[in-house]
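# Architecture and fold: a report
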Amino acid sequence: MEIFADADEACAGLAAEIAALIRANDAAGRKTVLGLATGSSPVRLYRELARLHREAKLSFRNVVTFNLDEYYGLSRTHPESYWRFMHEQLFDHLDIPAANVNVPDGTVARSEVFAACQSYEQKIRDAGGIDLQILGIGRTGHVGFNEPGSGRDSRTRLVTLDAITRRDAARDFQGEDHVPRHAITMGVGTILEARRIALLAWGEGKARVVAEAVEKPPTESLPASFLQGHAAVRFLVDAAAASELTRAKHPWLVGSIAWTPEITRRAVVWLAHAVEKPVLKLLDEHYSEHGMADLLTEQGPAYGLNIRIFNELQHTITGWPGGKPNADDRHRPERAVPHPKRVVVFSPEPSDDVLGMGGTLRRLVEQGHDVSVVYQTSGSLAVPDEEAVMAAEFVLELTQQGGAGENPEVAFAREVRRQLEAKTAFDGDTAEIRRLKAIIRRGEARAALKVTGVDPARAHFLDLPFYEQGRYRQFRIGRADVDIVARLLARIQPHQIFATGQLDDPNSVAATCFEIVRRAVASLAGENWQADCRTWLYRGADKAWDVAEIEMAVPFSPDELATKIQAIYHHKSQRSQSPVEAGRGEVWQQAGQRNRETARLYDRLGLADYEAIEAFQRHVFSERHPEA
Ligand code: GLP
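First, a word on what this report is: a plain description of the structure on this page. (Residues numbered from 1 in each chain as written. Predicted model: local features only at pLDDT ≥ 70, side-chain atom pairs only at ≥ 80, totals over all residues. Heavy atoms only, no water.)

## Looking at the overall build of the protein
Counting its secondary structure elements, the protein contains 24 helices and 17 strands. Over its C-alpha atoms the protein spans a radius of gyration of 26 Å, differing by no more than 12% from the 25 Å that the globule rule assigns to 628 residues. Each principal axis of the C-alpha atoms in the protein carries an extent, and together these give about 85 × 75 × 50 Å. Looking at the 628 residues of the protein, the share that counts as buried comes to 53%. If you take every contact in the protein between residues at least 6 apart in sequence, the share linking residues at least 24 apart comes to 77%. Carbon and sulfur atoms make up 51% of the accessible area of the protein, which totals about 26900 Å². The distance from the centre of the 76 positive side-chain charges to the centre of the 87 negative ones in the protein is 2 Å. (Helix = DSSP H or I, 4+ residues; strand = E, 2+ residues; numbered from the N terminus. Rg over C-alpha atoms; globule rule 2.2 N^0.38 Å. Buried < 20%, exposed > 50% of the residue type's maximum accessible area, 1.4 Å probe, protein only. Contact = heavy atoms within 4.5 Å. Areas by Shrake-Rupley, 256 points an atom, 1.4 Å probe, with all protein chains shown as cover. Lys, Arg positive; Asp, Glu negative; His and termini not counted. Charge placed at Lys NZ, Arg CZ, Asp CG, Glu CD.)

Structure representation (structure tokens):
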């Protein structure tokens, strides 16, 4: 396991290794055989390899590649085929001969699949076997498409995709219904024959499955766990993807450690949870029996330690997220002055703001702060076609009723409707369709803001170019993205920034938006307002902070939580598109549950019993990579 500061750093190192391998083999007159993966995880590695080819004259003439898998039923030209993905992401940017590229063929007839899989295996053997296999990992613990149930000795074959895998791919395919049900994948046995293996995982979404893959005994129910038996396998992860490993999460269970204040707090909260006691009722023996005897020796006895941690937790709670004016703020998360504060809330897509901190937004407005909400992207990629059709028809109907002639708005609506009708399932959206979808999301965002009381004039829709020009998993930040955000920050000069996305997969919209904020802040380093500005991180609906990580906890009454949920509810285009999906739970329900859970955790630790809590962590922007 190698834990890196970020995916870029890990990928630069791995790409350099691959380059060295290729050069050594070239010098010895041997070919280099690489096993390649698709998905978001290797995208940065491929960019780096393309750069080495371009700038460092690394040649791929003698490289042979085998991809892990392909969706069954998709032709090479399909926008979501792995063949196409690999060409767009990598092969088109290299000098690799077309004949050296191997991706399983998703179009072979059922009756020929077996033979095609056999010959794929034979081709790998004929090439001399795989020197280095790159892997990602799916949320089900799959490698390639070896879903739970795949045996250690499985070979290249046709498989059925797991429901979770299909759900994870739904966004790429614009709806779960369009996601293929089957795929052809190299087997676990095929993968294990590679001489070296490098598995890449970024972002907290992978944390649980990474921990299970390396810490649980190898099992078919988590095929990635079979990698444990390989002699030369490495896991390359970032800190977020490593966060569920025992050594990262509960280091005191692994060996003796330095008890920093942060780890002490984490350990005490964990202990209270483990023995199901409030913090103030933890006894010396609870500590000793749970691998924390040395903590007791250092900082005990239990009661003093308990009181200290209890007070720390207590001091995270505040009803004044912008600071309480005229109050002693020595033990409060936010400072009292200045009041009111200029607050900037960054929302990667419309709805992230209310999902993550709708209650706090409203509180900030009520307490007199000057709150601006900055929607970084239009969010148009996430609007179903049906919504856009309805909007176009609405305009057409309205103008017909009014007897309006063919004004530009009517022409636009008519054109969008025509394009939507002509669109087949996987076509990307035209500029016009995206524009209409963006307008739909703006309307929803404004309706939601109204509930929170934010002045609509303080809603900024940036429609950042990286998103308008990109597609999922493949976003690239440009100068313009950073400049647009920097200009806004320089104009507003905030005292408080709220942001999210720092722990997400680096190729996601949220993480890309966070990185843009980071670079924008860095580009303004030294401006006076920065010395008096605090940044707080919030989280989306899918994950809450662990209590020990929380530095500001803002509690809400049942009515206030209901109001927040109302705000989220206004993002109609983001609700489930079918009753079946809705049955799995809507995002507004999840957001409410998260906030209730956080409140319950505080209660169990012996703190006050609130209905709901929104939680934040302080963040200090680092100076790394200030370039755009
Ligand atoms: C897909 C691919 C896998 C990949 C996984 C994770 O299912 N078949 O090879 O590892 O997704 O994807 P991502 O890297 O986008 O998280």
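Still to come is the rest of the account.
## Considerations on the site of the ligand
The environment of the ligand is formed by Gly39, Ser40, Ser41, Asp69, Tyr82, Gly136, Ile137, His142, Gly144, Phe145, Lys206 and Arg473. Considered on its own, the ligand offers 390 Å² of accessible surface; in the complex 90% of this is hidden by protein. (Near = heavy atom within 4 Å.)

## Quick look at the packing of aromatic side chains
Under the criterion given, the structure shown has 15 aromatic pairs. Pairing phenylalanine 466 with phenylalanine 475 gives two aromatic rings, centres 5.3 Å apart and planes at 85°, and the pair type is edge-to-face. In terms of burial, phenylalanine 466 and phenylalanine 475 fall into one category: buried. What links up through ring pairs into an aromatic cluster is the set Tyr71, Tyr82, Phe145 and Phe173. Between the NZ or CZ atom of arginine 435 and the centre of the ring of phenylalanine 412, over which it lies, the distance is 4.5 Å. One residue, arginine 575, lies across the ring of tyrosine 569, its end atom 3.5 Å from the ring centre. (Phe/Tyr/Trp six-rings, centres within 6.5 Å; stacked < 30°, edge-to-face > 60°. Lys NZ or Arg CZ within 6 Å of the ring centre and 35° of its normal.)

## Remarks on empty space enclosed by the protein
Scanning the entire structure with this criterion turns up 4 cavities of 30 Å³ or more. In this structure, the largest cavity occupies an estimated 120 Å³ of space. Every element with two or more residues in the lining of the largest cavity is listed here: helix H14 (352-366), helix H24 (587-604) and strand E17 (612-619). No other element matches H24, which puts 4 residues into the lining of the largest cavity. Of the residues belonging to the lining of the largest cavity, the class tally is 7 nonpolar, 4 polar and 4 charged. Size it by volume and the second largest cavity reaches roughly 50 Å³. Lining the second largest cavity, in full, are Glu70, Leu74, Ser75, Arg76, Trp83, Val103, Pro104, Asp105, Gly106 and Thr107. Tallied by class, the residues present in the lining of the second largest cavity amount to 4 nonpolar, 3 polar and 3 charged. (1 Å grid on protein atoms, 1.4 Å probe; cavity = no way out; pocket = protein on both sides within 12 Å on 5 of 7 lines; lining within 4 Å. Points joined across faces, edges and corners; volume = space filled by probe spheres on them. Nonpolar A, V, L, I, M, F, W, Y, C, P; charged D, E, K, R; others polar.)

## A short note on the pairing of strand E3 (residues 63-67)
The element E3 is extensively covered by neighbouring structure, given that 5 of its 5 residues are classed as buried. Of the two faces of E3, the one holding Val63, Thr65 and Asn67 and the one holding Val64 and Phe66 are both buried throughout. Both strand E2 (residues 32-36) and E3 contribute to a ladder of 5 bridges, which runs parallel. Note on E3: the bridge partner recorded for leucine 34 is threonine 65. The parallel pair E2 and E3 is bridged by helix H2 (residues 43-56), and the resulting crossover is right-handed. (Pairing = 2+ DSSP bridges. Right-handed = clockwise from strand over helix to strand, strands pointing away.)

## Focus: the pairing of E2
Burial of E2 is extensive: 5 of the 5 residues sit out of reach of the surface. Side chains Thr32, Leu34 and Leu36 of E2 all project onto a buried face; the interleaved residues Val33 and Gly35 project onto the opposite face, where all are buried too. Bridge count between E2 and strand E6 (residues 132-135): 2 bridges; the pairing is parallel. Directly across from glycine 35, in E6, lies its bridge partner glutamine 133.

## A word on helix H20 (residues 509-523)
In this model, H20 (15 residues) spans 21 Å end to end at C-alpha, consistent with the 21 Å of a helix rising 1.5 Å per residue. Counting buried residues in H20 gives 14 out of 15 residues, a clear majority hidden from the surface. (Expected span 1.5 Å × (residues − 1).)

## Looking at the side chain of threonine 500
Within the element layout of this structure, threonine 500 appears in the loop between strand E14 (496-499) and H20. Of note is the side chain of threonine 500, whose polar atom sits 2.7 Å from the backbone oxygen of tyrosine 538. With near-sequence residues (within four places) excluded, threonine 500 lies in contact with Pro348, Ala510, Phe514, Tyr538, Arg539 and Gly540. (Polar contact = N/O pair within 3.5 Å; in protein donor to acceptor, adjacent residues only side chain to side chain.)

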